[in-house]
Amino acid sequence: MSWVAQLARPDIVALESYTCPVREPGLTRLHANELPWRSLGDDSPAGLNCYPEPQPAELIAGLAQLYNVDATSVLATRGIDEGIDLLVRGFCRAGMDAVMACPPAFVMYTIAARIQGAEVLNVPLRAENAFALDPEALLARWTAAVKLVFLCSPNSPTGNLLSEAAILAVADALAGRSLVVVDEAYIDFADRESLAHSLALRPQLVLLRTLSKAHALAGARCGSLLAHPEVVALLRKIIAPFPLPQPTTDAALRALQPAQLAATRAAIRRVCSERTRLLEVLPALPRVKRVWPSDANFILTEFADAEQALTRARAAGVLVRDARAYVPDALRITVGSEGENDRLLEAWS
Ligand SMILES: *Cc1c(COP(=O)(O)O)cnc(C)c1O
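Residues numbered from 1 in each chain as written. Predicted model: local features only at pLDDT ≥ 70, side-chain atom pairs only at ≥ 80, totals over all residues. Heavy atoms only, no water.

A. Region of interest: the site of the ligand. Within the structure, the ligand sits among Gly79, Ile80, Asp81, Phe106, Cys152, Asp183, Ala185, Tyr186, Thr210, Ser212, Lys213 and Arg221. The contact in question runs from an oxygen atom of the ligand to an N or O atom on the side chain of Thr210, over 2.6 Å. Within the side chain of Lys213, one N or O atom sits 3.1 Å away from an oxygen atom of the ligand. Judged by the fraction of its atoms near the pocket grid, the ligand is located in the largest pocket. No other element matches helix H4 (residues 79–91), which puts three residues into the shell around the ligand. Residues belonging to the shell around the ligand are distributed by class as follows: five nonpolar, three polar and four charged. (Near = heavy atom within 4 Å. Polar contact = N/O pair within 3.5 Å; in protein donor to acceptor, adjacent residues only side chain to side chain. 1 Å grid on protein atoms, 1.4 Å probe; cavity = no way out; pocket = protein on both sides within 12 Å on 5 of 7 lines; lining within 4 Å. Sits in = over half its atoms within 2 Å of the grid points. Helix = DSSP H or I, 4+ residues; strand = E, 2+ residues; numbered from the N terminus. Nonpolar A, V, L, I, M, F, W, Y, C, P; charged D, E, K, R; others polar.)

Here is the structure:
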């Protein structure tokens with residue numbers, strides 16, 4: 001049995017999964033109980049009266065090219081959120097297996113694990129160490145029940161990249177024993193490459209990417225899980241039969257066009273330049289206690305009176321994220337447009 005099959009839930013390995021109706025574009029479709037006519041106003045390229053491709057070949061090829069991996073390593077999902085859920089459901093037996101997380105981090109790792117009935121072992125990133133990953137502490141806490149280790153780089157809500165050496169040290173120590181899942185939702189805003197180049201050498205790595213943030217498609221719901229082909233194949237057994245709505249695939253394919261990719265790069269530069277400005281200006285504001293560095297499109301900021309900062313922002317018509325549950329006195333501020341950022345700065349001046 002392969003190491004992936006040994007790590008995964010045995011009942012999922014044994015599961016006979018749903019077979020979607022075949023796609024043969026030249027032939028008349030009387031095999032899927034669809035209607036032959038389109039709904040009024042349906043001017044989509046493929047027609048919404050037909051079921052979509054489960055993993056559209058053109059989209060998978062485009063995502064593979066975008067992320068610089070082999071197409072067999074790509075699973076397209078309804079956002080990273082679905083990728084997290086599939087990993088937990090595919091690898092963790094309820095009441096038996098566990099995941100590890102490094103709070104303060106994205107809460108869906110913990111929520112997905114709880115829904116599945118998997119235990120969560122926390123190894124906190126510590127503010128006094130600039131929220132750096134501590135591989136020794138993590139490995140000391142690891143047990144054989146841990147199937148998934150969730151890391152987030154750049155991390156939310158703190159904004160920092162985790163050291164690549166530390167991530168790879170964890171991955172190397174756990175080869176064949178746990179999947180090490182690195183959530184790279186914000187890597188497009190960082191001055192560092194994705195870990196995709198490590199995927200071929202380290203089959204225990206899983207990377208999560210999304211079109212939600214830097215590609216301006218949060219409403220479309222399109223994420224990618226990048227992993228060893230056997231991990232992808234296992235998760236395909238438990239993903240919904242037609243996970244990607246056709247309009248989502250159409251929007252994602254538009255995002256992958258060269259002209260749009262150039263526009264996305266320009267938008268990222270604009271966000272990063274506004275991030276630089278905010279990182280300069282925020283510390284000088286009255287009642288700002290601390291501004292954390294950021295490699296993402298948000299900035300974690302601590303206030304003398306976070307409640308008042310929230311109230312003032314809202315009075316100026318701006319929402320920022322209350323992060324006090326994770327870091328005392330902290331709010332997470334998304335980098336907006338120049339005008340939006342000005343409005344927020346004015347409210348706090
Ligand atoms: C926003 C976010 C996600 C969710 O991404 P979707 O692709 O929209 O589901 C995942 N991880 C982190 C750290 C995020 O901040």
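The structure having been displayed, the exposition proceeds.
B. Highlighting the side chain of Glu184. Relative to the helices and strands, Glu184 resides in the loop between strand E5 (179–183) and strand E6 (205–210). Buried Glu184, no salt bridge; nearest opposite-charge side chain is Arg209, N-O distance 4.0 Å. Of the polar contacts made by the side chain of Glu184, one reaches the backbone nitrogen of Leu195; its length is 2.9 Å. Excluding its chain neighbours within four sequence positions, the residues that come into contact with Glu184 are Ser153, Ser194, Leu195, Leu207, Leu208 and Arg209. (Buried < 20%, exposed > 50% of the residue type's maximum accessible area, 1.4 Å probe, protein only. Lys, Arg positive; Asp, Glu negative; His and termini not counted. Salt bridge = Lys/Arg side-chain N within 4 Å of Asp/Glu carboxyl O. Contact = heavy atoms within 4.5 Å.)

C. Quick peek at the nonpolar core. Core analysis: the largest hydrophobic core is formed by 62 residues, its most contacted members being Leu87, Phe91, Leu148, Phe150, Leu235, Leu282 and Trp348. Among the elements that take part in this core, H4 stands out by supplying six residues, more than any other. Setting aside anything within four residues of it in sequence, one finds Trp348 in contact with Leu282, Leu285, Pro286, Phe303, Ala309, Arg312, Ala313, Val320, Leu331 and Ile333. Within the second largest apolar cluster, 51 residues are counted, among which are Leu59, Ala76, Leu174 and Ala251. (Core = buried A, V, L, I, M, F, W, Y, C linked by side-chain atoms within 4.5 Å.)

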